[in-house]
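Below, each chain spelled out in residue letters.
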Amino acid sequence: MINVGFIGCGSIGRDHIERITNQIAGGKVTGIFDVVDAAARKAVDDFGLDAQIFSSADALIESKSIDAVVVASRNDAHLQPLLKAISVGKPVFTEKPMTISGEDSLKIVEAEVALGHKFTRVGFNWRFDPGYAALKKYVDSGEIGSLLLAGMRHYNARAATTYYRTDNVINDTLIHNFDILHYLFNDEYRSIEMKFARQNSLNPNPAENLREPQLAIFEFAHGAIATAEANINCQYGYDIQCRLVGESGIVSLPDVATPEIRREGQISHAIDSSWTARFVDAYNNEFRAFFDDVENDHEPASPVATAWDGYVASVTADAAIESLHGAGKVPLTFAERPALYA
Ligand code: ISE
């Protein structure tokens, strides 16, 4: 049983605590830290945890009673606990994005390279979704030839939080697409360009606060092109689509099966608005993989997103934000991939 230390008990943190406590085997939450002490106490009470509440993230990470660390704090608070976990040699899982800039993400990569060991897993959970896993397997089998094009849809019924703004579309939402496209194409990005569509009049936070829908256009090093639509106020549900066009065929992400309803002259399927429900298998699988690795003393390996994958997504996100702020098509350049992540 892995003793897990949790940093951050906001909504996704609580979700993971619940999953580790009630849904999957292998780990036990034995330590908690949150900058808001009451949030840590509430998590302990709500989930009936037998866990120590630490007074700082560093104290939790250093504690001998903690085997592995989960970072689920705000996006801009991941860097320090990740560097700390690496410095004391503890396996660490961080929610996405790994950090909020390519520069900071490179620091994680460099810290791991200096020690010659991969400690970090990034919560790009789509890689563990059965639908995406099937897509990846199919593409890698070569049955539709090399990929030429991709079209993706990343729709939210409405924004996740009241502070969700125009730039959050990149680091909170499209960051998943940045990672999964890179993973599926197995090719480097050459450029990204962001465009705004006409505002949805149903967006409750429009004008400069939350400009969307947004369209991302990616070019890959070998010439393939992909697009990803982010539509954050689509109203009707959480809708994730992906269509990959190869030289001799097309493969598309299956919808999650829900019962077909025939009623009042219509045939319908329900669509949920919650991403935690849509990706529940993916979240559970990524934590099972984390605990398995820790139990067996394994470094993260595919399909797990490593610090390098986190870095690639962060550099892409930096360029996407630059593009949103008027830079047009932004070329993408990356540091040389260290042998550790070959
Ligand atoms: C959220 O954090 C997610 O990870 C969801 O997948 C994404 O659709 C949503 O926009 C984010 O806020």
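Residues numbered from 1 in each chain as written. Predicted model: local features only at pLDDT ≥ 70, side-chain atom pairs only at ≥ 80, totals over all residues. Heavy atoms only, no water.

Draft legend 1. Fine view of the sheet that holds strand E8 (residues 189–196). Pairing is mixed in the open sheet, where seven strands are placed in the order E12-E11-E7-E10-E9-E8-E15. A strand with exactly one partner marks an edge of an open sheet, and here the two such strands are strand E12 (250–252) and strand E15 (330–331). Direction of pairing for strand E7 (residues 147–155) relative to strand E11 (residues 239–246): antiparallel, over a ladder of eight bridges. Bridge pairing in E11 places leucine 149 opposite valine 245. Here helix H6 (residues 130–140) sits on the sheet in contact with E7, E11 and E12, set at roughly 5° to E11. Running over the sheet, helix H7 (residues 168–185) touches E7, E8, strand E9 (214–220), strand E10 (225–231) and E11 and is turned about 155° from E7. (Pairing = 2+ DSSP bridges. Helix = DSSP H or I, 4+ residues; strand = E, 2+ residues; numbered from the N terminus. Contact = heavy atoms within 4.5 Å. Axes fitted to C-alpha atoms, helices over the stretch in contact; angles between N-to-C directions.)

Draft legend 2. Expanded view of the site of the ligand. Around the ligand, a shell composed of Lys96, His154, Asn156, Ala160, Asp172, Thr173, His176, Tyr238 and Trp275 is seen. A distance of 2.5 Å separates an oxygen atom of the ligand from a polar side-chain atom of asparagine 156. Burial of the ligand by the surrounding chains reaches 91%, relative to a free accessible area of 300 Å². It is H7 that contributes the most residues to the shell around the ligand, three residues altogether. Looking at the shell around the ligand, its residues break down into three nonpolar, four polar and two charged. (Near = heavy atom within 4 Å. Polar contact = N/O pair within 3.5 Å; in protein donor to acceptor, adjacent residues only side chain to side chain. Areas by Shrake-Rupley, 256 points an atom, 1.4 Å probe, with all protein chains shown as cover. Nonpolar A, V, L, I, M, F, W, Y, C, P; charged D, E, K, R; others polar.)

Draft legend 3. Local environment of unusual backbone geometry. The residue after glutamate 212, namely proline 213, is reached through a cis peptide bond having omega -5°. That bond from serine 302 to proline 303 is cis: its omega, 10°, falls within 30 degrees of zero. Within the secondary structure, proline 303 is located in the loop between helix H9 (280–295) and helix H10 (307–327).

Draft legend 4. Summary view of H9. Taking 1.5 Å of rise per residue, the 16 residues of H9 would be expected to cover 22 Å, and the 23 Å separating its terminal C-alpha atoms lies within 8% of that figure. Ala282, Tyr283, Asn284, Glu286, Phe287, Ala289, Phe290, Phe291, Asp293 and Val294 are the residues of H9 that are buried. Aspartate 297 lies just past H9 and shows a positive phi near 60°. (Expected span 1.5 Å × (residues − 1). Buried < 20%, exposed > 50% of the residue type's maximum accessible area, 1.4 Å probe, protein only.)

None of the figures reported here should be taken as evidence of function without further support.
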